[in-house]
Amino acid sequence: MSYRQQFHDSIEVSGVVSRSVGPSQNSQTVSISYSQTVPLNITIDVITDPFDNSIDRCNGSLDMLTGAVAGMHSAQCGAIRQTAAEVSQSLINGFFGTIRTELSQQIQALNSAIQADEGLILEQGKAVSSQKNVMETDYNRIGSRYVGIFRDLDDECHKRIYALDKPAFMLSEKVLKKIIGEAGLNASAKSLITIQEESSAKTMLVISSLARKVHDVLETLRNYITQEKRFSSLTDSFMENEKIEEKKTFLMPVIFVEQDGLERDASEYAEFLPESVPPDKRKEIGGKVRSVCGDDSVSSWAPVSEEEKELLNREFGALSESAFAESDGNTERRIYNTLMGLWQNSSLFTVSRKNH
């Protein structure tokens, strides 16, 4: 905007002036010196209207440029995010598509091999069945011929032996008839005696059985009544009579797992406790473990030591070798190599409680 500014100052003025004094015929020249302080008053008017107008136009241009830059930045950020999402989705789809294609090819190859082997097995089964039928027919034909021959030989041998020892066979038949007949008569007499003796024997057996059952019932009642005492004595025999001055800490292994999914942004947690932990305590212990391990303000993660990492590598290698020891296929070997590569390239951390 226009403005006015005033300045005040003074200057010293001095000098010598020559003047003629007297009539012109007899005039004399006289030198007169002078000295005087002269005040100065300066007023300056500054007109800034053109400059102000140019500044206003420049501000309007800058505002328009700022809006254009902000809009371009927003559009560029949106385009970058969209491009990143499309590239990520393309990578994920390509990876899963490659895996799906490879699995489909392997399944198709295995299916073709199985169908070929199945057809070969069916053909071999038909050949074996045909050979079996031929062998059964031959065996039945040869067997029937030799069975008739041996039957004839047995009959001829029986006739000749009977003819040679005919008196002995006749005597044997008479003796057998006498023994069998006398045995039947003796059995009838014994039956009458046995009927009378069985009634008394059955009565004694029933009484003995009832006595035994009553004894078992009484023994069961005695065991049931005294089982609490026996359990207490057994428990006392297992335990030592030792006093504890203060409570002691009981440690148990607990696995805390944090999972990050591809489709979910939030993390998921899970706890794995030993099977010996009672069901009513599992939820309580799991909640305490999650409150410690899942809260960064309470706990912190630090890399494991070299000794612990070496022990874990040794145990993981032993478990992996035992799991894939009997696997001979390329797929199992590739899974084993990928698993070991992921394990070797991973970083191990342990959780510890912060000291407040």
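Residues numbered from 1 in each chain as written. Predicted model: local features only at pLDDT ≥ 70, side-chain atom pairs only at ≥ 80, totals over all residues. Heavy atoms only, no water.

## Brief notes about the packing of aromatic side chains
- Summed over all chains, the structure comprises 2 aromatic pairs.
- With centroids separated by 5.5 Å and ring planes inclined at 75°, the aromatic side chains of F95 and F96 adopt a geometry described as edge-to-face.
- The class for F95 is exposed, based on a relative accessible area of 52%.
- On the basis of an interplanar angle of 15° and a centroid distance of 4.3 Å, the ring pair of F316 and W343 is categorised as stacked. Residue F316 is located in helix 4 (residues 306-323), and its partner W343 is located in helix 5 (residues 330-345); the two are separated by 27 residues in the primary sequence. (Phe/Tyr/Trp six-rings, centres within 6.5 Å; stacked < 30°, edge-to-face > 60°. Buried < 20%, exposed > 50% of the residue type's maximum accessible area, 1.4 Å probe, protein only. Helix = DSSP H or I, 4+ residues; strand = E, 2+ residues; numbered from the N terminus.)

## A word on the confidence of the model for the protein chain
- With 78% of its residues at a pLDDT of 70 or more, the protein chain shows a mean pLDDT of 77.
- Looking at the elements of the protein chain, mean pLDDT is at its lowest for helix 2 (residues 166-238), recorded as 65, and at its highest for helix 4, recorded as 85. (pLDDT = per-residue confidence, 0-100.)

## Let's talk about a negative patch on the surface
- A grouping of E258, D260, D295 and D296 is seen on the molecular surface, where their side chains present a negatively charged patch.
- Here E258 is to be found in strand 3 (residues 255-260). (Patch = residues over 30% accessible without salt bridge, like charges linked within 9 Å, V, L, I, M, F, W, Y side chains within 5 Å. Areas by Shrake-Rupley, 256 points an atom, 1.4 Å probe, with all protein chains shown as cover. Salt bridge = Lys/Arg side-chain N within 4 Å of Asp/Glu carboxyl O. Lys, Arg positive; Asp, Glu negative; His and termini not counted. Charge placed at Lys NZ, Arg CZ, Asp CG, Glu CD.)

## With respect to the environment of V304
- With respect to the helices, strands and loops of the structure, V304 is situated in the loop between strand 5 (299-303) and helix 4.
- Residue class for V304 comes out buried when judged on its relative accessible area of 14%.
- A sequence separation of 44 residues divides V304 from L348, and the C-alpha atoms of the two residues are 6.0 Å apart.
- The contacts of V304, once residues within four sequence positions are left out, are K309, L348, F349 and T350. (Contact = heavy atoms within 4.5 Å.)

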